[in-house]
Each structure stands twice: as structure tokens, then as C-alpha cells.
Amino acid sequence: MMKPSVAIVLLLVVAEYASLATAAGPKVIIVGAGMSGISAGKRLSDARISDFMILEATDRIGGRIHKTKFAGVNVEMGANWVEGVNGKEKNPIWTMANSTGGLNLRTFRSDFDHLASNTYKQDGGLYDDKFVEKIIERMDEVEESGTKLAGTLHLSGQEDMSVMAMQRLNDHMPTGPARPVDMVIDYYQHDFEFAEPPRVTSLQNTVPLPTFDNFGDDVYFVADQRGFESVVYHVAGQYLKTDKATGAIVDPRLKLNTVVREITHFPSGVTVKTEDNNVYKADYVMVSASLGVLQSELIRFRPQLPSWKILSIYQFDMAVYTKIFLKFPRSFWPVGPGREFFLYASGRRGYYPVWQQFEKQYPGSNVLLVTVTDDESRRIEQQPDNQTMAEAVAVLRKMFPGADVPDATKILVPRWWSNKFYKGSFSNWPIGVNRYEYDLIRAPVGRVYFTGEHTSENYNGYVHGAYLAGIDSADVLINCAKKKLCKYHVRGKHE
Ligand SMILES: Cc1cc2nc3c(=O)[nH]c(=O)nc-3n(C[C@H](O)[C@H](O)[C@H](O)COP(=O)(O)OP(=O)(O)OC[C@H]3O[C@@H](n4cnc5c(N)ncnc54)[C@H](O)[C@@H]3O)c2cc1C
Ligand SMILES: *[C@@H]1O[C@H](CO)[C@@H](O)[C@H](O)[C@H]1NC(C)=O
Ligand SMILES: *[C@@H]1O[C@H](CO)[C@@H](O)[C@H](O)[C@H]1NC(C)=O
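Quick notes on the rules
Residues numbered from 1 in each chain as written. Chains lettered and ligands numbered in written order. Predicted model: local features only at pLDDT ≥ 70, side-chain atom pairs only at ≥ 80, totals over all residues. Heavy atoms only, no water. Salt bridge = Lys/Arg side-chain N within 4 Å of Asp/Glu carboxyl O. Helix = DSSP H or I, 4+ residues; strand = E, 2+ residues; numbered from the N terminus. Buried < 20%, exposed > 50% of the residue type's maximum accessible area, 1.4 Å probe, protein only. Near = heavy atom within 4 Å. Polar contact = N/O pair within 3.5 Å; in protein donor to acceptor, adjacent residues only side chain to side chain. Areas by Shrake-Rupley, 256 points an atom, 1.4 Å probe, with all protein chains shown as cover. Domains from an automatic or database assignment. Contact = heavy atoms within 4.5 Å. Buried area = accessible area lost by both parts, 1.4 Å probe. Nonpolar A, V, L, I, M, F, W, Y, C, P; charged D, E, K, R; others polar. Pairing = 2+ DSSP bridges. pLDDT = per-residue confidence, 0-100. Arc of directions from axis to C-beta. Disulfide = S-S within 2.5 Å. Phe/Tyr/Trp six-rings, centres within 6.5 Å; stacked < 30°, edge-to-face > 60°. Lys NZ or Arg CZ within 6 Å of the ring centre and 35° of its normal. Axes fitted to C-alpha atoms, helices over the stretch in contact; angles between N-to-C directions.

K.L.:
Sorry, what's going on with the pattern of salt bridges here?
P.N.:
Per the stated rule, a full pass over the model turns up 26 salt bridges. With a closest N to O distance of 3.5 Å, R109 and D218 form a salt bridge. With R109 in strand β6 (residues 107–109) and D218 in strand β8 (residues 218–222), this pair connects stretches of sequence that are 109 residues apart. The partly exposed category is assigned to R109, whose relative accessible area is 39%. Residue E391 pairs with R379 through a salt bridge whose shortest N-O separation is 3.0 Å. Of this pair, E391 sits in helix α12 (residues 385–399) while R379 sits in helix α11 (residues 374–381), and the two are 12 residues apart along the sequence. Its relative accessible area of 10% is what places E391 among the buried residues. A single salt-bridge network, built from bridges that share partners, covers R348, E376, R379 and E391.

See below:
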């Protein structure tokens, strides 16, 4: 089976060599045109390494930042919030997006301070707000105690524990939050941010979370008709040739609809083979495909990646976070100040738990957003959308028994997990992976470099993480290409 394709490879390699002979400086191939790949390209460009190709599997740039038309408005299927704003350091994504000197994206600070008065019982009606407030206060106390504990753990990671183990140490419901209301508050606090339950997530590496610790506790919801992806276009436009009239990128170095299937690396260079049987030859390759893609078989490495690399990739988690949008003929939910977010306390943890209404963001649209994660995401991705619509509407009818809830007229169910170019939504740091093992995910293998949100030193899982990772990984490559500093120092287990 291998032989015919090898023959084609050799043929095309020869052809590519010819065109290369005249080029000065190193040639780099970037795999993927999401935030990290586009950011890496800019950094290379700034370092006057401009002989590169960006190969992108889909027909657009932006990756997991992606708007789509739904019920007459553009909504975000992927990243929606600039997370970490108004803190001691400036979030570079906020600098790009904000109104002073930025793109002036239409954004709304999300206010989660009123959940206690917007938490619905399994069989309908609101919980008493004082009762829920107490649960939230206790959760905050436990979290604070967890922050202190995390600060005392040995840096080797040998004493790390799950967030749930920390909850137990604090006598916080020793068998785990059990009542529907406890479960939904716990879900909101953990799963709604990390897309995995506290039983899975590392205490040491997520509490406190550098995103909020460094950049601030505020999060801003992007509801701009240009889409959150305009931050990616903004970076791309600084070095890729763009058509002024349409905003489309027309630079020949960006190749869309180009799926990389094989990366062969030698001491002297790399060859990258695509699904359409083209072969690109370069000095270095920078892979920005998601952790989920690296865990899959989509891209084959020859020779195989070393086992330390494969294990670091396999041990980290690709989480799944699903934003389900529903359109109704009219609104029947409470509106007004303090009513943006509401919770459904099901006895089945994570069953249509967190809801958002958009009277400010998309006025008159009658659209609701409900978010599910993890197992519920995988279940819902595999069932027909009308089934999901029926389940979600049944939940709303439970929450609002007196409201004569109409049938939804449209539904949008993004399928990031089933999509072979993503295989999930963002990475989450699980127990059992220490800082040293995490660093190995970014470490280059010969001439193969890695970037993407899952390689961000402090901000894995976020848009700013992807952006900063692109810069950092490009710097590692630039150090090698320009200064011959090619040895990548991975901090030892005990450093
Ligand atoms: C549902 C959802 C909600 C999120 N919410 C937020 C949020 O509110 N705030 C926040 O900060 N972050 C959020 N994130 C995370 C954020 O979107 C990501 O961290 C970030 O966009 C990742 O960028 P990246 O460049 O690392 O990866 P990607 O965007 O995945 O870019 C990689 C690119 O590689 C391409 N590719 C993959 N395989 C191949 C191949 N074989 N050949 C060629 N190209 C390939 C892909 O098509 C993609 O364009 C969310 C993500 C999702 C999915
Ligand atoms: C926007 O970002 C710039 C640069 O980081 C900052 O100086 C400014 O205060 C920000 N504006 C707002 C409204 O946050
Ligand atoms: C969804 O649609 C299919 C095919 O039209 C139908 O057989 C099924 O009963 C529908 N399911 C629900 C829950 O409406």
C-alpha cells in the first residue's frame, strides 16, 4: 500500500527543490491558520523570515474562532469571550478587540453575580436566592482554600491532586456535590470554564488560573457582526497580502483547503505531504493543529515522533464544550438587569445546565444559548438535532411551567468533537501531568516545531493562549534558524 505514494512523493520533491534553490533564508511551513498559526507567521515575518507557506485544511482562517449566521445574526460557534480583562497585565486579545486603539468590537461584560436568583429547580420554579447564595459562598471559600493549598504543593507535581480531592479535603460534600442545586453550582464553577469535571482537573495547574490572576477576572462577550475571528484577520492583515475592498486574504503563501497528512523530517529538512498529493519541502515545519488532532491519526510523522513526545500529547486532555443556539418565535424568559444567565439544576449533572439570553447582544432575535460539555457534548453530537431541540425545549418547559413555552423554530449544534480538524474544543489540564511533561508538548522534535493553545506556557485553552503560543513557538524556531540555538531546554522534573 505504501509503495505507490512513495514514488509520487519523490517525484514532487524533486520539482519543489528546483523552485527552492533561489530562495534566501530558511523556508518554513506552518500547518493550520487558526490564531496560533497566524500569530506564528507574523512573528516569523517580523524576524524577516518571510519564505513560508501556511497550509490550512478548511476554506477559511480562524480555526476555533468561527462565526456563523443563525436566525439572522452572526453568532460564535467557537470562542466567544475575551477572558481575563481589567487586571494587572493587559490581555493582548483585549488590546486588539477593545475600543481604544483596537478593532472596537461590540462586546459586553458578562455579569455572573446574579446566579443565585436565577437558578431553576429540576421540576420548575426558582430556588430561594438566599439558599443558593450560601452554596455559592461556600464554593468560593473552598476555592480560596484550594488556592492556598495549591501554593504549597511541591513544584515537581508529585503532590498534585484533582480539584475534587481538594474539595473533599475541605469537607466539601465528601462524596462530591450531590443535590441538583449543588451539582449545577459546581458545574458552573468548573465545567463551564474547563469543559471537564473537577474530578479530572489538576488543582496545582488551574488554581489560581493565570488567565484571571494576570489579566483580570472580567470576561467580555463578543457579539460583533464581523465576528470574533476579526482578531485573527487583524493579525493576518499585518503581514499577509489582503484585498482592500473585500478584506479577503489573497497572499499566495496561504493555501486553504489543504489538508496535511504526512510530515517527514530529516536532519537536513522536512517534507510535508497533503491530501491532494502535493509535497512541500522546507527547512522547518510548525504544526499548530489542535491537541485533539495530534492525538488522532490525521497527520502521520515519519519517522514516528519519539515516545516522550507521543506520551505528553496523549496524557493531556482535549475537552469538549458545545454551544447550542435555539431560536424561538417569541421570548418567554425573564429579561432585564441581572437576568442574562440562568441555571437548570437537573439530577443528571451537566444536563442543559447553563443558559444565556441575549436581549442586549442580539435584540429582538429571540435566541437562547445553552452550553453542555464532555459526555453530554459527545452524546448530543451523535444524535439528530431535532432530538436535541426536543430535549432542550422540554427542559425549558420544566423551568417555566406557567409560560406556555413554544416550540423552537431553529437549532444550531456545533460539532467540534466529531470534526477531524479539531476533535474537541480546547485543552484542559488533567491530574497526572506535571509542568515538565506539559513542556514536552511544545518541545520541537528535530525540525518539527509545535504551537497552538495547548502549547501556551500559562494560558492553554484560550484565544490569548493561542496568540501568545504562536509568538513563543516562532521564537524557538527563530533562535534555531538565525542563531543556531537549536537545543530546546525543557525544564527538569524538579526545577
Ligand atoms: C466551543 C468553543 C468555545 C471556546 N470559548 C472560548 C472563549 O470564550 N474564550 C477563549 O479565549 N477561548 C475559547 N475557546 C478556545 C479558543 O477558541 C482556542 O484556544 C483557540 O482558538 C485555538 O487556536 P489554535 O490556533 O491553537 O487552534 P485552531 O484554531 O484549532 O487552529 C488550528 C488550525 O489547523 C487546521 N488544521 C487541523 N488539522 C490540519 C491538517 N491536518 N492540515 C492543515 N490544517 C489543519 C484547523 O482547521 C485550524 O484552522 C473556545 C473554543 C471552542 C471550540
Ligand atoms: C484597550 O487596550 C489598551 C492597550 O492595552 C489599553 O491601554 C486601554 O486601556 C484598553 N481600553 C479599554 C477600554 O479597556
Ligand atoms: C426527528 O426527525 C426524524 C426524521 O424526520 C423523526 O423520525 C423523529 O421522530 C424526529 N424526532 C423528534 C424527537 O422529533
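K.L.:
Even after reading the chapter, I still don't get the site of ligand 1, so can you show me in this structure?
P.N.:
Neighbouring ligand 1 are 40 residues, the closest being S36, E56, R64, E453 and V463. One nitrogen or oxygen atom from the side chain of E83 is found 3.5 Å from a nitrogen atom belonging to ligand 1. One nitrogen or oxygen atom from the main chain of V260 is found 2.9 Å from a nitrogen atom belonging to ligand 1. Protein coverage of the free-state accessible area of ligand 1, which is 1,000 Å², stands at 99%.

K.L.:
Can you walk me through the domain arrangement of the chain in this structure?
P.N.:
Size of an interface, as often reported, equals the accessible area lost when the parts are brought together. One can read the domain layout of the chain as domain 1 (13–63 + 229–304 + 429–483) and domain 2 (81–221 + 317–428). Listed by partner, the interface residues are 32 residues for domain 1 and 37 residues for domain 2. It is W429, I431 and Y462 that lose the most area in domain 1 upon contact with domain 2, and together they represent 23% of the buried surface on that side. Counting every contact that joins domain 1 to domain 2 gives 0 salt bridges. Across the domain 1-domain 2 interface, the total number found is 10 residue pairs in polar contact (both at pLDDT 80 or more). Where the side of domain 1 that touches domain 2 is concerned, the elements lending two or more residues are α8 (230–236), α9 (291–295) and α14 (463–483). For the side of domain 1 that touches domain 2, the per-class residue count stands at 17 nonpolar, 13 polar and 2 charged.

K.L.:
Can you walk me through the pairing of strand β17 (residues 341–344) in this structure?
P.N.:
Successive side chains on a regular strand alternate, one facing one side of the sheet and the next facing the other. Of the two faces of β17, the one lined by F341 and L343 and the one lined by F342 and Y344 are each fully buried. Here strand β7 (residues 119–120) pairs with β17 via 2 bridges, running parallel. Counted as the bridge partner of Y120 is Y344 from β17. Here β17 runs beside strand β18 (residues 354–357); their pairing, made up of 3 bridges, is antiparallel. Each residue of the ladder has a partner; that of L343, found in β18, is V354.

K.L.:
How do you make sense of the confidence of the model for the chain when you look at a structure like this?
P.N.:
Low-confidence regions, as indicated by low pLDDT, have predicted coordinates that should not be scrutinised in detail. Averaged over every residue, the pLDDT of the chain is 93; residues scoring 70 or more account for 94%. A low-confidence stretch, residues 1–23 stays under pLDDT 50, and its non-local contacts, those more than four residues away or across chains, total 20 contacts.

K.L.:
Hey, could you run me through helix α10 (residues 307–315) in this one?
P.N.:
Turn by turn, an α-helix covers 3.6 residues, leaving residues three or four places apart pointing in a common direction. Looking at α10, one finds that the buried residues are K309, S312 and I313. All buried residues of α10 lie within an arc of 100° about the axis, which places them on one face of the element. In this structure, the buried side of α10 is in contact with α9, α13 (435–442) and β22 (448–450).

K.L.:
Teacher, can you tell me more about the state of the cysteines here?
P.N.:
By definition, a disulfide links the sulfur atoms of two cysteine residues through a covalent bond. Scanning the model with the defined rule gives 1 disulfide in all. Covalent S-S linkage joins C480 and C486, the inter-sulfur distance amounting to 2.0 Å. In this structure, the disulfide formed by C480 and C486 twists by about 85° around the S-S bond and is classed as right-handed. Under the relative-accessibility criterion, C480 is labelled buried at 6%. On the accessibility criterion, C486 (39% relative accessible area) is partly exposed.

K.L.:
Just to check I follow, could you spell out the packing of aromatic side chains for this structure?
P.N.:
On inspection of all chains with the given rule, the structure shows 31 aromatic pairs. Ring geometry for F332 versus W333: centroids 4.9 Å apart, planes at 75°, classification edge-to-face. Owing to a relative accessible area of 7%, W333 belongs among the buried residues under this scheme. Judged by centre distance (5.9 Å) and plane angle (75°), the ring pair of F332 and F400 falls under edge-to-face. Taken together, the residues span a long stretch of sequence, with F332 in the loop between β16 (321–327) and β17 and F400 in the loop between α12 and β20 (410–412) at a distance of 68 residues. F400 matches F332 in its accessibility class, with the two residues each being buried. By way of ring pairs, the aromatic residues F70, W81, F112, Y188, F192, F221, Y321, F325, F341, F358, Y362 and F426 are connected into one cluster. Across the ring face of Y127, the terminal group of K121 is positioned such that the distance to the ring centre comes to 5.8 Å. A cation over a ring is seen here: K309 above F450, with NZ or CZ 3.8 Å from the ring centre.

K.L.:
Before we go on, may I ask you to explain the sheet that holds β18 in this structure?
P.N.:
Strand pairing within a sheet occurs via backbone hydrogen bonds; the two strands may be parallel or antiparallel. Sheet architecture is open: 6 strands sit in the order β7-β17-β18-β19-β16-β20, paired in mixed fashion. Strands at the two margins of the open sheet, each flanked by one partner only, are β7 and β20. Against the sheet, helix α6 (residues 180–194) makes contact with β7, β16, β17, β18 and β19 (367–373), and its axis sits at roughly 85° relative to β19, the strand it touches most. α12 contacts β7, β16, β17, β18, β19 and β20 of the sheet and is inclined by roughly 95° relative to β17.

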